[in-house]
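Examining the three-dimensional arrangement
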Amino acid sequence: MSDCIFCKLANHEIPTNVVYENDLACAFEDAEPQAPVHVLVVPKKHYVNMTDDIPAETLAAMAEAVREVARIKDLGDGFRLISNAGAAAGQTVMHLHWHIMGGKNLGEGLLPE
Ligand code: 5GP
Ligand code: ZN
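Everything in this summary refers to the structure shown in the same document.

Calculation rules
Residues numbered from 1 in each chain as written. Chains lettered and ligands numbered in written order. Predicted model: local features only at pLDDT ≥ 70, side-chain atom pairs only at ≥ 80, totals over all residues. Heavy atoms only, no water. Near = heavy atom within 4 Å. Polar contact = N/O pair within 3.5 Å; in protein donor to acceptor, adjacent residues only side chain to side chain. Areas by Shrake-Rupley, 256 points an atom, 1.4 Å probe, with all protein chains shown as cover. Helix = DSSP H or I, 4+ residues; strand = E, 2+ residues; numbered from the N terminus. Nonpolar A, V, L, I, M, F, W, Y, C, P; charged D, E, K, R; others polar. Buried < 20%, exposed > 50% of the residue type's maximum accessible area, 1.4 Å probe, protein only. Pairing = 2+ DSSP bridges.

**Describing the site of ligand 1**
Taken together, 16 residues sit near ligand 1, with Glu29, Asp30, Asn84, Thr92 and His99 positioned nearest. Contacts to ligand 1 include glutamate 29, whose backbone N or O atom sits 2.9 Å from a nitrogen atom. Measuring from an oxygen atom of ligand 1, one finds a side-chain N or O atom of aspartate 30 at 2.5 Å. Isolated, ligand 1 exposes 520 Å² of accessible area, and the fraction of that covered by the protein chains is 79%. Put simply, the parts of the chain that give the shell around ligand 1 at least two residues each are α1 (5-10) and β2 (25-29). The element best represented in the shell around ligand 1 is α1, accounting for three residues. Here the shell around ligand 1 is built from residues that sort into seven nonpolar, six polar and three charged.

Below, the structure written as structure tokens:
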């Protein structure tokens, strides 16, 4: 069995606040939110990050989850989608995840000052 925390969260081996899921992807609340809305979209299978060879259907399922989270969380004014890949980008959990952040005006910059 995998020791990966996001594998366990996405497959209900550890309870968490799931916002939306489909067959291939799960969206749950980030444990340490950095915006009023901060949800993580992850594949149910283990991939390290966007450098992995991820099947098209999995990417489509993740994209569908993004659209559904935006609807459920009422992010019609806008949101940011971020995926850190590798240590230099600050990736701390080595299971692919897309951060959805919103619920406030995030400004125009991509990187913090
Ligand atoms: P990274 O830095 O890898 O892009 O982002 C990892 C994210 O996962 C962080 O925002 C962190 O708060 C979140 N996180 C780490 N461990 C857990 C956990 O056990 N549960 C949840 N829900 N989020 C986690
Ligand atoms: Zn995993």
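Alright, that's what it looks like, and here's the rest.
**Concerning the pairing of strand β3 (residues 37-43)**
Among the seven residues of β3, seven are classified as buried, and the element is accordingly described as predominantly covered. Summarising the sheet, β2 and β3 pair through five bridges and their orientation is antiparallel. The partner of alanine 27 across the bridge, within β3, is valine 41. Relative to strand β5 (residues 98-102), β3 runs antiparallel, the two sharing five bridges. Considered in β5, the bridge of valine 39 is made with isoleucine 100.

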